[in-house]
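If you want the building blocks of each chain, they are given just below.
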Amino acid sequence: EPEVTQTPSHQVTQMGQEVILRCVPISNHLYFYWYRQILGQKVEFLVSFYNNEISEKSEIFDDQFSVERPDGSNFTLKIRSTKLEDSAMYFCASSSPRTGTENTEAFFGQGTRLTVV
Amino acid sequence: QQQVKQSPQSLIVQKGGISIINCAYENTAFDYFPWYQQFPGKGPALLIAIRPDVSEKKEGRFTISFNKSAKQFSLHIMDSQPGDSATYFCAASPSGGSYIPTFGRGTSLIVHP
């Protein structure tokens, strides 16, 4: 069964450092997403990406965040200068295009646990 | 993104009992309501979903009830099993554009044997 894969599974970084979280979406999907989940809290939308550009972003996704699809398979989330409050589980997800009124499922990766110290 | 309110935050049920989790939404543009199940250390996985043109959808022991006028929907887990112990998230997404589910805060379900 196709799956979304994320690396690394756990990243520890010092405050102020840049981190890049990597995701390989399902190969025939065209919509890509990043979500985060602070420990014990809800899953929060960060950004969606389609056709090589951001299609929607939340207020959490400020100038410290950026996303990129550097090649045909990877989708990355960069945090330029990490803060303690960026510590969370970050989930990548992908979905195939909607056809008509049909919704399509978003498939989630297993997440990257980011710890900022 | 509009809020999706979910309750309860945690739920403890005996094996064989019924687990009920409720959600309410505000945005009338939402037209797809999935429930996700998340086990520790894993990403959310789609469990069951409903569109507002039906009031109920059942898949095995899992049933979604949908009340469009009240803007509420709920997940019922019949004959709850210890293996159902997980965090459950309701979500909602609007029509048009990309699929971007807005999640509820989650319900931690524990089913005691």
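Attention here is on the structure that accompanies the text. (Residues numbered from 1 in each chain as written. Chains lettered and ligands numbered in written order. Predicted model: local features only at pLDDT ≥ 70, side-chain atom pairs only at ≥ 80, totals over all residues. Heavy atoms only, no water.)

With respect to the overall build of chain A
Check the secondary structure of chain A and you find zero helices and eleven strands. Along the chain direction, N to C, the helices and strands of chain A fall in the order β-β-β-β-β-β-β-β-β-β-β. Against the globule reference of 13 Å for 117 residues, chain A gives a C-alpha radius of gyration of 14 Å, in line with a compact fold. Across the 117 residues that make up chain A, the buried fraction comes to 44%. The contacts of chain A with a sequence gap of at least 6 include a subset with a gap of at least 24, amounting to 54%. When the accessible surface of chain A is split by element, carbon and sulfur atoms take 45% of a total near 5900 Å². (Helix = DSSP H or I, 4+ residues; strand = E, 2+ residues; numbered from the N terminus. Rg over C-alpha atoms; globule rule 2.2 N^0.38 Å. Buried < 20%, exposed > 50% of the residue type's maximum accessible area, 1.4 Å probe, protein only. Contact = heavy atoms within 4.5 Å. Areas by Shrake-Rupley, 256 points an atom, 1.4 Å probe, with all protein chains shown as cover.)

Some thoughts on a nonpolar patch on the surface
Residue and element names in this part refer to chain B. Taken together, the side chains of Ile18, Ile20 and Met78 make up a nonpolar region of the molecular surface, amounting to roughly 240 Å² of accessible area. Relative to the elements of secondary structure, methionine 78 occurs in the loop between strand E8 (72-77) and strand E9 (86-94). Taking the relative accessible area as the measure of exposure, methionine 78 reaches 35% and is therefore partly exposed. (Patch = residues over 30% accessible without salt bridge, like charges linked within 9 Å, V, L, I, M, F, W, Y side chains within 5 Å. Salt bridge = Lys/Arg side-chain N within 4 Å of Asp/Glu carboxyl O.)

Structural notes on the side chain of B:Ser80
Looking at the element boundaries, B:Ser80 is found in the loop between E8 and E9. What B:Ser80 contacts, discounting residues up to four positions off in sequence, is B:Val13, B:Gln14, B:Lys15, B:Gly16, B:Gly17, B:Ile18, B:Ser19, B:Arg61 and B:Val111.

Remarks on the state of the cysteines
All names here are of chain B. The final tally for this structure, using the stated rule, is two disulfides over all chains. Covalent S-S linkage joins cysteine 23 and cysteine 90, the inter-sulfur distance amounting to 1.8 Å. Sign of the S-S torsion, about -95° for the bond between cysteine 23 and cysteine 90, identifies this disulfide as left-handed. Taken together, the positions of cysteine 23 in strand E3 (residues 19-25) and cysteine 90 in strand E9 put the pair 67 residues apart, joining distant regions of the chain. Overall, cysteine 23 belongs to the buried group, its relative accessible area being 3%. Owing to a relative accessible area of 0%, cysteine 90 belongs among the buried residues under this scheme. (Disulfide = S-S within 2.5 Å.)

Notes on the pairing of strand E4 (residues 30-38) of chain B
Residues and elements named next belong to chain B. Along E4, nine of the nine residues are buried, which leaves the element largely enclosed by surrounding structure. Pairing of E4 with E9, which is carried by six bridges, proceeds in the antiparallel orientation. Its bridge partner being in E9, glutamine 37 is matched across the sheet by tyrosine 88. In terms of strand pairing, E4 meets strand E5 (residues 45-50) through five bridges, oriented antiparallel. By the bridge assignment for E5, tryptophan 35 is matched with isoleucine 48. If you look at the hairpin formed by E4 and E5, you'll find six residues sitting between the two strands, and glycine 41 has a positive phi there, around 80°. (Pairing = 2+ DSSP bridges.)

Some words on the packing of aromatic side chains
On inspection of all chains with the given rule, the structure shows 21 aromatic pairs over all chains. Seen from their ring centres, A:Tyr35 and A:Phe45 are 5.6 Å apart, and the 70° between their planes marks the pair as edge-to-face. With A:Tyr35 in strand E4 (residues 31-37) and A:Phe45 in strand E5 (residues 43-50), this pair connects stretches of sequence that are ten residues apart. Counting every residue linked through ring pairs, the aromatic cluster contains A:Tyr35, A:Phe45, A:Phe91, A:Phe108, B:Tyr36, B:Phe89 and B:Phe103. (Phe/Tyr/Trp six-rings, centres within 6.5 Å; stacked < 30°, edge-to-face > 60°.)

Thoughts on the nonpolar core
Ranked by internal contacts, the top residues of the largest apolar core, which has 24 residues, are B:Phe33, B:Trp35, B:Phe73, B:Leu75 and B:Tyr88. Among the elements of the structure, strand E2 (10-14), E3, E4, E5, strand E7 (62-67), E8, E9 and strand E11 (107-112) of chain B are those that each provide at least two residues to this core. Counting residues per element, this core draws most heavily on E9(B), which supplies four residues. A:Phe32, A:Leu46, A:Phe75 and A:Cys92 belong to the second-largest nonpolar core, a separate cluster that totals 22 residues. (Core = buried A, V, L, I, M, F, W, Y, C linked by side-chain atoms within 4.5 Å.)

Geometry only, nothing functional implied.
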